[in-house]
Amino acid sequence: MVVTACANVTAGGKGFSGEIGVHNDDMIPGLRRLATTIQDQGAKAVLQIYHGGRLCPPDLVPNGDIVSASAVPAGENEPVPRALEDGEIKEIIHAYGEGAPRAIQAGFDGVEIHGANGYLIHQFFSPHSNHRDDHWGGSLKKRMNFPLAVINEIQKTVGDHAKDPFIVGHRLSPEEPQTPGITMADTLEFVDVLADQELDYIHVSLMNFWSRPRRGLEDTRSRLDIIQDRVGNKVPVVGVGSIYSAEDARSAIQSDVPLLALGRELIIDPDWVGKIEQGKASDIETILDTNGQDRLVVPNPLWKAIIHTPGWFPGVD
């Protein structure tokens, strides 16, 4: 299964230059080419959909209008977003719902709701970025209302438009470094609720598959093992993070987490899966070739982000 890069559901949700969009019908032909290209190679095609919220660069959104759950910047020297009004929140939820039928029209096999990595859904769930005291915030339960409303709207539109089985997954980040911030205790309550939403999977976004909780839980197991133990009997869990070599994958498979995802490693070596299938695991590249942009066919904006972010990829200092 190939999950695309994130596609913004509104014009105001664009988080980086060159991003794909799903916010109007004009996008469908291009999205169809993308889905067909993936499927022609034998994989299921899943469109990741999202809104960047306070992480959107002002020069990429209409009128530079950066929005979030509350007027809290992502960090020092970052723009202060405008807190969304109730009606605007409902419009964005509707936009998420409209993204799914467009994905269906484009021929995708499913959508992944990107609720991780600090984007808008994450911002509503986080006590760092959500200081509201209305229906959309004020308690852990109320901070779940926005992501749950998005899931509900998407499942409704999928039910109305999909003629064949259509995947709906949800991606989340289990913890935040900030205080206040999302803790493992918060996430376990959240995944309990997500497990009852008839999702096809929960994708746990991590830099390291084997990482352990920071706070909020006295447990020495990995975050993924804890989440799998909590809800794995109800919904499939996808694990990701620092799976570079065949040995890394074998170690991850030995956990109870049933599905593994590769992200950065497929940029380092796009032929990873093929090498496994051909019995050439020893030929897999696990360190980024910093002179290999053309060979790896990585577009300039992503390449610049990689090269200028130390530690993000093995080989980038």
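The residue count restarts for each chain, going from 1 along the sequence in the order it is written. Given that the model is predicted, a residue must reach a pLDDT of at least 70 before its local features are reported, and side-chain atom pairs must reach 80 or more before they are shown or counted; all residues, however, enter totals for whole chains, interfaces and linings. Water and hydrogen atoms play no part in the side-chain values, which are based on all heavy atoms of the structure.

K.L.:
Is there a simple way to explain the nonpolar core in this structure?
P.N.:
Soluble globular proteins: nonpolar side chains tend toward being buried together. In this text, buried Ala, Val, Leu, Ile, Met, Phe, Trp, Tyr and Cys residues form a nonpolar core when linked through side-chain atoms within 4.5 Å. To sort residues, take the accessible area from a 1.4 Å probe on protein chains only and compare it with the maximum for the residue type: under 20% means buried, over 50% means exposed, and anything in between is partly exposed. One finds Leu 47, Tyr 96, Phe 146 and Ile 154 to be the most contacted residues of the largest nonpolar core, which totals 69 residues. By definition, any uninterrupted DSSP run of H or I lasting at least four residues is a helix, any uninterrupted run of E lasting at least two residues is a strand, and each is numbered from the N terminus. Top contributing element to this core by residue count: helix α2 (residues 86-105), with eight residues. The contact definition used throughout considers only heavy atoms, calling two residues in contact when any of these lie within 4.5 Å. Tyr 96 has contacts with Val 9, Ile 49, Tyr 50, His 51, Ile 121, Phe 146, Val 150 and Ile 154, leaving out every residue within four places of it along the chain. With nine residues, the next largest nonpolar core counts Tyr 244, Ile 268, Leu 296 and Val 298 among its residues.

K.L.:
What is the right way to read the state of the cysteines from this model?
P.N.:
Linking two cysteines covalently via their sulfur atoms produces the bond known as a disulfide. Only a pair of cysteine sulfur atoms within 2.5 Å counts as a disulfide in this structure description. If you walk through the whole model with that rule in mind, you get zero disulfides. Cys 56 supplies the cysteine sulfur nearest to Cys 6, a cysteine that is in no disulfide, at a spacing of 9.6 Å. Residue classification places Cys 56 among the buried residues on the basis of a relative accessible area of 1%.

K.L.:
What am I meant to see in the pattern of salt bridges here?
P.N.:
Between side chains of opposite charge, pairing is possible as soon as their charged atoms come close. Any carboxyl oxygen of Asp or Glu within 4 Å of a side-chain nitrogen of Lys or Arg constitutes a salt bridge here. Applying the stated criterion across every chain yields a total of 16 salt bridges. Linking Arg 82 and Glu 88 is a salt bridge whose minimum nitrogen-to-oxygen distance equals 2.9 Å. Residue Glu 88 is classed as partly exposed on the basis of its relative accessible area, which comes to 22%. Note that Asp 160 and Lys 156 form a salt bridge whose closest N and O atoms lie 3.5 Å from each other. Here Asp 160 pairs with Lys 156, and both are found in helix α5 (residues 145-161), just four residues apart, close to one helical turn. Overall, Asp 160 belongs to the exposed group, its relative accessible area being 53%. A relative accessible area of 48% means that Lys 156 is categorised as partly exposed. Taken together, the shared-partner salt bridges connect Asp 65, Arg 82 and Glu 88 into one network.

K.L.:
Looking at this model, I keep getting lost on the pairing of strand β7 (residues 167-172). Mind explaining?
P.N.:
Strand residues, when the strand is regular, have side chains that alternate between the two faces of the sheet. Counting buried positions along β7 gives five out of six residues, so the element sits mostly inside the fold. Pairing between two strands requires that DSSP report at least two bridges joining them. Where strand β6 (residues 110-115) meets β7, six bridges bridge the pair, whose relative direction is parallel. Counted as the bridge partner of Val 111 is Val 168 from β7. Note: β7 against strand β8 (residues 201-204), four bridges, orientation parallel. Residue pairing for β8: Arg 171 is matched across the bridge by His 203. Looking down the strands as they point away from the viewer, one classifies a crossover as right-handed if the path from the first strand across the helix to the second runs clockwise. Following the chain from β7 across helix α6 (residues 184-194) to the adjacent parallel β8, one finds a crossover that is right-handed.

K.L.:
Just checking my understanding: could you explain empty space enclosed by the protein for this structure?
P.N.:
Here the idea is plain: a probe the size of a water molecule rolls over the atoms and shows the empty space left. In this analysis, the protein atoms alone were mapped onto a 1 Å grid. Cavities are point sets where a 1.4 Å probe fits without being able to get out; pockets are open sets with protein on both sides within 12 Å along at least five of seven lines; lining residues have an atom within 4 Å of a point. Grid points are joined across faces, edges and corners, and a volume is the space filled by probe spheres set on the points. Within the structure shown, the criterion is met by one cavity of 30 Å³ or more. Considered as a void within the structure, the largest cavity measures approximately 70 Å³ in volume. Lining the largest cavity we find Gly 115, Ile 121, His 122, Phe 125, Pro 147, His 170, Leu 172, Ser 173, Ile 182, Thr 187 and Phe 190. Those elements that place two or more of their residues in the lining of the largest cavity are α3 (120-125), β7 and α6. Element by element, the count of residues in the lining of the largest cavity is highest for α3, at three residues. Residue classes follow a fixed rule: Ala, Val, Leu, Ile, Met, Phe, Trp, Tyr, Cys and Pro count as nonpolar, while Asp, Glu, Lys and Arg count as charged, and any other residue, Gly among them, counts as polar. For the lining of the largest cavity, a count of residues per class yields six nonpolar, five polar and no charged.

K.L.:
Even after reading the chapter, I still don't get the UniProt feature "domain: NADH:flavin oxidoreductase/NADH oxidase N-terminal" (unreviewed entry) in the protein chain, so can you show me in this structure?
P.N.:
Here the UniProt feature "domain: NADH:flavin oxidoreductase/NADH oxidase N-terminal" (unreviewed entry) sits at residues 1-281. Annotated as 35% helix and 15% strand, the span residues 1-281 places its first and last C-alpha atoms 20 Å apart. UniProt positions are given in the numbering used here, feature names are shortened, and annotations may be inferred rather than shown by experiment.

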